[in-house]
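# Observations on chain architecture
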Amino acid sequence: MSPPAAPVHPVTPLNELARAEAAPSFSPLYRQIKGLILKGLQAGEWKAGETIPSEMDLAARFGVSQGTVRKAVDELAADNLLVRRQGKGTFVATHAEQQQQYRFLRLTPDGDAAASLGRQLLDCKRQRAPAFIAKLMQLRAGDPVIEIRRLLHSGGQPVVLDDIWLPGALFKGLTAERLLEHRGPFYGLLETEFGVPMIRAQEKIRAVAAEEDAAALLQVAPGSPLLSVERLAFTYGDKPVELRRGLYNTTHHFYRNDLN
């Protein structure tokens with residue numbers, strides 16, 4: 001007599017791509033789908049500001065239920081990678097949208113009134129990365145970087161002095177002329193023209209005394225208290241693509257952060 005056949009266990013009906021790229025089996029199915037959608041975003045299948053397929057289409061593509069897709073999309077929306085619009089669909093988040101423009105800038109005028117910030121470009125140059133910049137940005141010392149210095153104004157008064165470093169290899173063609181021509185948000189330019197979205201950031205904040213050159217640019221007395229904010233911004237795959245060191249004049253502004 002032949003031995004009984006081994007029992008056949010049902011397999012979750014992901015398609016071949018999903019099965020090949022899915023996370024280990026202990027990961028919840030919706031997390032696997034989240035990872036697959038994230039891979040599509042990272043590969044540029046859906047670009048900043050574009051709509052992604054409907055939950056029904058994604059469910060058919062991956063061979064799962066709409067509920068599973070919905071939970072994955074909910075998490076991506078909570079991570080600010082996707083944006084739901086009632087009656088229109090789900091879109092890839094973009095810093096070009098009004099509500100996203102200042103997502104990484106938490107400086108708020110006294111009185112908590114929203115205000116747009118004007119920009120004044122002071123310098124834009126290509127150089128070799130100093131060792132401390134290269135280390136933070138996971139580059140090699142001497143790799144090309146773009147250094148940008150600018151002032152942000154509120155009500156005609158300078159409130160932020162920014163020093164920004166970007167990997168030169170990722171932003172070929174970014175010049176002072178291009179920055180001056182661009183009228184939208186800085187991150188919007190980087191994601192639409194260079195395909196590098198900033199999806200999250202880490203910040204270090206401390207109080208400092210204004211040195212003479214920064215004091216002159218921010219129109220405060222030397223030694224005045226400033227807020228020093230060092231921000232490292234990342235794109236997909238946790239790749240650092242921007243280092244920013246800002247000095248904030250908080251005489252008439254405060255730094256606001258919502259904690260969940």
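Chains are numbered independently. Their residues run from 1 in the order of the written sequence. Reporting of local features is limited, given that this is a predicted model, to residues whose pLDDT is at least 70; pairs of side-chain atoms are given and counted only at 80 or more, and all residues count toward the totals for whole chains, interfaces and linings. Here the side-chain values reflect all heavy atoms present in the structure, with hydrogen atoms and water set aside.

## Considering the overall build of the protein
For the purposes of this entry, the term helix denotes a DSSP run of H or I that reaches at least four residues, the term strand denotes a run of E that reaches at least two, and both are numbered from the N terminus. Broken down by element type, the protein carries eight helices and ten strands. When accessible area is computed with a 1.4 Å probe and restricted to protein chains, residues below 20% of their type maximum are described as buried, those above 50% as exposed, and intermediate ones as partly exposed. For the protein, the proportion of its 260 residues judged to be buried stands at 43%. Here, residues are in contact when the closest pair of their heavy atoms is within 4.5 Å. Long-range pairs, those at least 24 residues apart, make up 59% of the contacts in the protein between residues at least 6 apart in sequence. Per-residue and other accessible areas were derived by the Shrake-Rupley procedure at a 1.4 Å probe size, with only the shown protein chains allowed to occlude residues. Surface summary for the protein: the accessible area is close to 14,600 Å², and the carbon and sulfur share equals 53%.

## Brief notes about empty space enclosed by the protein
Only protein atoms enter the 1 Å grid used here. Points where a 1.4 Å probe fits but cannot escape make up a cavity, open sets with protein on both sides within 12 Å along at least five of seven lines make up a pocket, and a residue lines them when an atom lies within 4 Å of a point. Grid points are joined across faces, edges and corners, and a volume is the space filled by probe spheres set on the points. Enumeration over the complete set of coordinates arrives at one cavity of 30 Å³ or more. There is about 60 Å³ of room inside the largest cavity. Around the largest cavity, the lining is made up of twelve residues, and of these N80, A93, P197, M198 and I199 lie nearest the centre. Here the residues of the lining of the largest cavity sort into seven nonpolar, three polar and two charged. Note that Gly is not counted as nonpolar here; it falls among the polar residues with everything else outside the nonpolar set of Ala, Val, Leu, Ile, Met, Phe, Trp, Tyr, Cys and Pro and the charged set of Asp, Glu, Lys and Arg.

## A few points about the side chain of H253
If you trace the backbone, H253 turns up in strand β10 (residues 253-255). A polar contact is formed between the side chain of H253 and the side chain of S154, at a distance of 3.2 Å. When neighbours within four sequence positions are excluded, H253 is seen to be in contact with L107, T108, P109, D110, S154 and V159. Definition of a polar contact: a pair of N or O atoms within 3.5 Å, with one able to donate and the other able to accept a hydrogen when the atoms are protein atoms, and with sequence-neighbouring residues admitted only if both atoms are side-chain atoms.

## Focus on the packing of aromatic side chains
The geometry of an aromatic ring pair comes down to the distance between the two centres and the angle between the two planes. Each aromatic pair joins two rings of Phe, Tyr and Trp (for Trp, the six-membered one) with centres within 6.5 Å, and gets the label stacked for planes under 30 degrees apart, edge-to-face for over 60, and tilted for any other angle. Taken as a whole, this structure holds three aromatic pairs when the rule is applied. Taken together, a centroid distance of 6.3 Å and an interplanar angle of 55 degrees make the contact between Y248 and Y255 tilted. For Y248, a relative accessible area of 2% gives the class buried. Put simply, a charge is over a ring when the Lys NZ or the Arg CZ is close to the ring centre, within 6 Å, and near the line of the ring normal, within 35 degrees. The ring of F234 has R200 lying over it, and the distance from NZ or CZ to the ring centre is 4.2 Å.

## With respect to the packing of helix α3 (residues 55-62) against helix α4 (residues 66-78)
Between N-to-C directions, angles span 0 to 180 degrees; the directions come from axes that are lines fitted to C-alpha atoms, helices contributing only their stretch in contact. Packing of α3 against α4 leaves a shortest axis separation of 8 Å and a crossing angle of 110 degrees. The orientation of α3 relative to α4 falls into the category roughly perpendicular. α4 is crossed by α3, and the crossing has right-handed handedness. On α4, the residues that touch E55, M56, L58 and A59 of α3 are Q66, V69 and R70. For the contact of α3 with α4, the per-class residue count stands at four nonpolar, one polar and two charged. The labels follow the angle: roughly parallel below 35 degrees, roughly antiparallel above 145, roughly perpendicular from 65 to 115, and oblique for the rest. Each helix crossing is assigned a hand: it is left-handed if the near helix lies turned anticlockwise from the far helix by less than a right angle, otherwise right-handed if that turn is clockwise.

## Focus on the nonpolar core
Taken as a class, soluble globular proteins show a tendency for nonpolar side chains to be buried jointly. Definition used in this section: a nonpolar core is a set of buried Ala, Val, Leu, Ile, Met, Phe, Trp, Tyr and Cys residues joined via side-chain atoms within 4.5 Å. Core analysis: the biggest nonpolar cluster contains 19 residues, and I33 and I37 have the highest contact counts within it. Secondary structure elements with two or more residues in this core: α2 (29-42), α3 and α4. Residues within four places of I37 in sequence aside, it is in contact with W46, L58, F62, A72, V73 and L76.

## So, the sheet that holds strand β6 (residues 157-167)
Two strands are said to pair when DSSP picks up at least two bridges between them. With antiparallel pairing, six strands are arranged side by side in an open sheet as β4-β5-β6-β9-β8-β7. Looking at which strands have only one partner, the edges of the open sheet turn out to be β4 (118-128) and β7 (200-209). Pairs of neighbouring strands in the sheet enclose a mean axial angle of 15 degrees, with direction left out of account. Relative to β6, strand β5 (residues 144-154) is paired through ten bridges, and the arrangement is antiparallel. Among the inter-strand pairings, R150 is bridged to a residue of β6, identified as D162. Packed onto the sheet, helix α7 (residues 186-193) meets β4, β5, β6, β8 (225-235) and β9 (239-248) and runs at close to 165 degrees relative to β9.

## Topic: the side chain of H182
Its location among the elements puts H182 in the loop between α6 (176-181) and α7. Among the polar contacts made by the side chain of H182, one reaches the main-chain carbonyl oxygen of G184 at a distance of 3.3 Å. One polar contact links the side chain of H182 to the main-chain carbonyl oxygen of P185, over a distance of 3.0 Å. When residues no more than four places from it in sequence are discounted, the contact partners of H182 are R119 and L189.

## Considerations on the packing of α2 against α4
Between α2 and α4, the shortest axis-to-axis distance is 8 Å and the interhelical angle comes to 60 degrees. On the basis of their axis angle, the class for α2 and α4 is oblique. Relative to α4, α2 is oriented so that their crossing is right-handed. Within the contact between the two elements, α2 uses L29, Y30, R31, I33, K34, I37 and L38 and α4 uses T68, V69, K71, A72, V73, E75 and L76.

## Looking at unusual backbone geometry
Unlike most non-glycine residues, N80 shows phi in positive territory, near 65 degrees. Even without glycine at this site, Q219 takes up a positive phi of about 60 degrees. By the element assignment, Q219 lies in the loop between α8 (212-218) and β8.

Honestly, that's just the spatial picture; any functional story needs more than this.
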